[in-house]
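# Observations on the model geometry
Residue strings, one per chain:
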Amino acid sequence: MDRSEPGDQARLLLARMTTKTSAMEPAIGSGRTGLTIQSMVAGAVSGIRRQGPKGQWLPDLSKQRLLLYLWAGHTSERDRDRLLSSLICEAAGLWPDVWRPVEPGSMRKLLTLIIDEKMNPTICRGCSGKGQVLYRGEWVIHGPCRGLGKYPWGTRRLAELYQVSRKTWKKKYRSRHQFLMNLVNDLESGALRDLREQL
Ligand SMILES: [Zn+2]
């Protein structure tokens, strides 16, 4: 198989993602070519594009950077900054009027929490993160975590990390945090969809 084809890279990447193993490990079967997950993802995401204002196709940087960060171990300070800048741009364009003016500092802080949570989710102990449990010899959805295999970070933790009282968190930041979490999740699933289209 020619691993330089974007479709192959995307396929390998998606296979890796569904196994829920560490994104930092070298790619399976990479032996001879020595391709790592990092270079594989970089190749695969380069095909993720969006249409610009004049109809031209441009790299979709938010999605590309998100996948590189969440899935490919591109987690340097610089990668994080670039990702946050892209996400702030996205969010500012969609920010509801009631929350305007946009506060980039606050947005950055909230997005940092979201990226951190996605990198370090609270794994469900009941199913060890699998989202499924064996019941009478069959795999069934684990009810308590609704098959997600993880739990969202709680109000207490988020408020502490954001350095506000729980009351302030609930009153002002919780809804903004949820809005940004949805945005990041949408971008992530959109990026995965785009990858699949390359297959
Ligand atoms: Zn569970």
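All figures in this text were calculated on a predicted structure; none of them were measured in a lab.

### Topic: helix α3 (residues 61-71)
Burial analysis of α3 places 10 of its 11 residues in the buried class, which makes it a mostly covered element. Regarding α3, the residues found buried are Ser62, Lys63, Gln64, Arg65, Leu66, Leu67, Leu68, Tyr69, Leu70 and Trp71. Gly73, located one to two residues past α3, shows a positive phi value of around 70°.

### A short note on the pairing of strand β5 (residues 138-141)
It is a general feature of regular strands that their side chains alternate between the two faces of the sheet. Relative to β5, strand β4 (residues 132-135) runs antiparallel, the two being bridged by four bridges. Across the sheet, residue Gln132 finds its bridge partner in β5, namely Ile141. Taking the residues that link successive antiparallel strands as the turn, the β4-β5 hairpin has two residues, and the phi of Arg136 there is positive, at about 50°.

### Here's the deal with the confidence of the model for the protein chain
The predicted model of the protein chain has a mean per-residue pLDDT of 85, with 82% of residues at 70 or higher. Confidence, expressed as mean pLDDT per element, reaches its minimum in the protein chain at helix α1 (residues 6-19) with 64 and its maximum at helix α6 (residues 155-162) with 98. The model gives residues 20-34 a pLDDT under 50, and that stretch makes 16 contacts with residues more than four places away or in other chains.

### Observations regarding the nonpolar core
Taken as a class, soluble globular proteins show a tendency for nonpolar side chains to be buried jointly. Core analysis: the largest hydrophobic core is formed by 24 residues, its most contacted members being Val41 and Leu67. Breaking this core down by element, the ones donating at least two residues are α2 (37-45), α3, α4 (77-94), α5 (104-119) and α7 (166-197). Sort the elements by how many residues they give to this core and α3 lands first, with six residues.

### Quick look at the packing of α4 against α7
The N-to-C vectors of α4 and α7 enclose an angle of 115°; their axes lie 11 Å apart at closest approach. Seen along the crossing, α4 lies across α7 with a hand that is right-handed. Across the interface between the two elements, Leu87, Glu90, Ala91 and Leu94 of α4 pack against Leu180, Leu183 and Val184 of α7. Along the lines of polarity and charge, the residues of the contact of α4 with α7 split into six nonpolar, no polar and one charged.

Calculation criteria
- Residues numbered from 1 in each chain as written.
- Predicted model: local features only at pLDDT ≥ 70, side-chain atom pairs only at ≥ 80, totals over all residues.
- Buried ≥ 20, exposed ≤ 12 C-beta atoms within 10 Å, placed from the backbone.
- Helix = DSSP H or I, 4+ residues; strand = E, 2+ residues; numbered from the N terminus.
- Pairing = 2+ DSSP bridges.
- pLDDT = per-residue confidence, 0-100.
- Contact = placed C-beta atoms within 7 Å.
- Core = buried A, V, L, I, M, F, W, Y, C linked by C-beta atoms within 7 Å.
- Axes fitted to C-alpha atoms, helices over the stretch in contact; angles between N-to-C directions.
- Left-handed = near helix turned anticlockwise from the far one by under 90°.
- Nonpolar A, V, L, I, M, F, W, Y, C, P; charged D, E, K, R; others polar.

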